[in-house]
Amino acid sequence: MTTILVTGGTGALGRPVTERLRARGHDVRVLSRHAVPYSVDLRRGGSSLDAAVAGVETVVHCATSPRGGDEQAARNLITAARRAGVAHLVYISIVGVDRVPFGYYRSKLAVERLVEESGIGWTVLRATQFHDLLLTVFQGVSRLPVVPLPARVKDQPVEVTEVADRLCELAQEAPAGRVADMGGPEIRTMDSLLRSYLRVAGRRRAVVKVPLRGAAYRAFRAGGHLAPDHAVGTRTFEEFLAARREGAAALRD
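Scope of this entry: the structure provided in the associated data block.

This next bit is on the packing of helix α1 (residues 14–23) against helix α6 (residues 160–171). Where α1 meets α6, the closest approach of the two axes is 9 Å, and the angle between their N-to-C directions is 50°. Classed by the angle they form, the pair α1 and α6 counts as oblique. Crossing hand, α1 versus α6: right-handed. Residues P16, V17, R20 and L21 of α1 lie in contact with α6, whose contacting residues are T161, A164, D165, L167, C168 and A171. Tallied by class, the residues present in the contact of α1 with α6 amount to seven nonpolar, one polar and two charged.

See below:
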């Protein structure tokens, strides 16, 4: 049995990672801002973080925030992990962080570099966007009578539990450096994905494809966030939506 710390362990990815590692017999500590007894704000660090990593052999770093602070959080985590003698640091990143000049992606790439230079044995897995993220976005934009979508942009959504399975495998193995990317089974237009959501949600909306400007949009349009050679996921977006059908209220907000 290994003692493993999962940061962001109450989140969309961290929760299934925690469940799977515990099912495999590991002693798993869940770290988040509100998880007792390891309630820690990684951006601040401190003695509570030191207590959380004490005696830990592997850290699976799932905590992240699009609002910023990931780099400082990673610095604090790495410093505490080094002091505690952690042997393996597993980090989940995003496909295209080195190709798409988008602010959040730049931050994820910076954290990758911190992990690589940490002096701790490390593994980095990049995945495409989760189905759950698309669902959240579509729920938001479909409140409008006319839904705007970025023109000529595709996506390759992947099932979060499949990514959790892969992270569990990596956490139980030796540090492997940068491993093969993990993408969803299909590369689809945003329009087709949205229309699948609208059908399941029972909504009728006009859709307008809007051309945007800027380097980030050009990179997304060119597919810098896709992994066509690593379409290893199995659950499609429609299958994900079907699994949520019983919770129809969630699809409609």
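Having put the structure on the table, let's press on.
With that out of the way, let us pick up the side chain of Q129. Mapped onto the elements of the fold, Q129 is located in the loop between β5 (121–127) and α5 (131–141). Dropping the residues within four chain positions of it, Q129 is found in contact with I94, Y105, D155, Q156, P157 and V158.

Here we come to the sheet that holds strand β3 (residues 58–61). Ordered in space as β2-β1-β3-β4-β5-β8, the six strands form an open sheet in which the pairing is parallel. Of all the strands in the sheet, just β2 (27–31) and β8 (177–178) have a single pairing partner and so form its edges. Here strand β1 (residues 3–7) pairs with β2 via five bridges, running parallel. Note that in β2 the partner of T7 across the bridge is L31. Helix α4 (residues 103–116) rests against β4 (88–94) and β5 of the sheet, and its axis sits at about 160° to β4.

Conventions adopted
- Residues numbered from 1 in each chain as written.
- Predicted model: local features only at pLDDT ≥ 70, side-chain atom pairs only at ≥ 80, totals over all residues.
- Heavy atoms only, no water.
- Axes fitted to C-alpha atoms, helices over the stretch in contact; angles between N-to-C directions.
- Helix = DSSP H or I, 4+ residues; strand = E, 2+ residues; numbered from the N terminus.
- Parallel < 35°, antiparallel > 145°, perpendicular 65-115°, else oblique.
- Left-handed = near helix turned anticlockwise from the far one by under 90°.
- Contact = heavy atoms within 4.5 Å.
- Nonpolar A, V, L, I, M, F, W, Y, C, P; charged D, E, K, R; others polar.
- Pairing = 2+ DSSP bridges.

Structural measurements only, silent on function.
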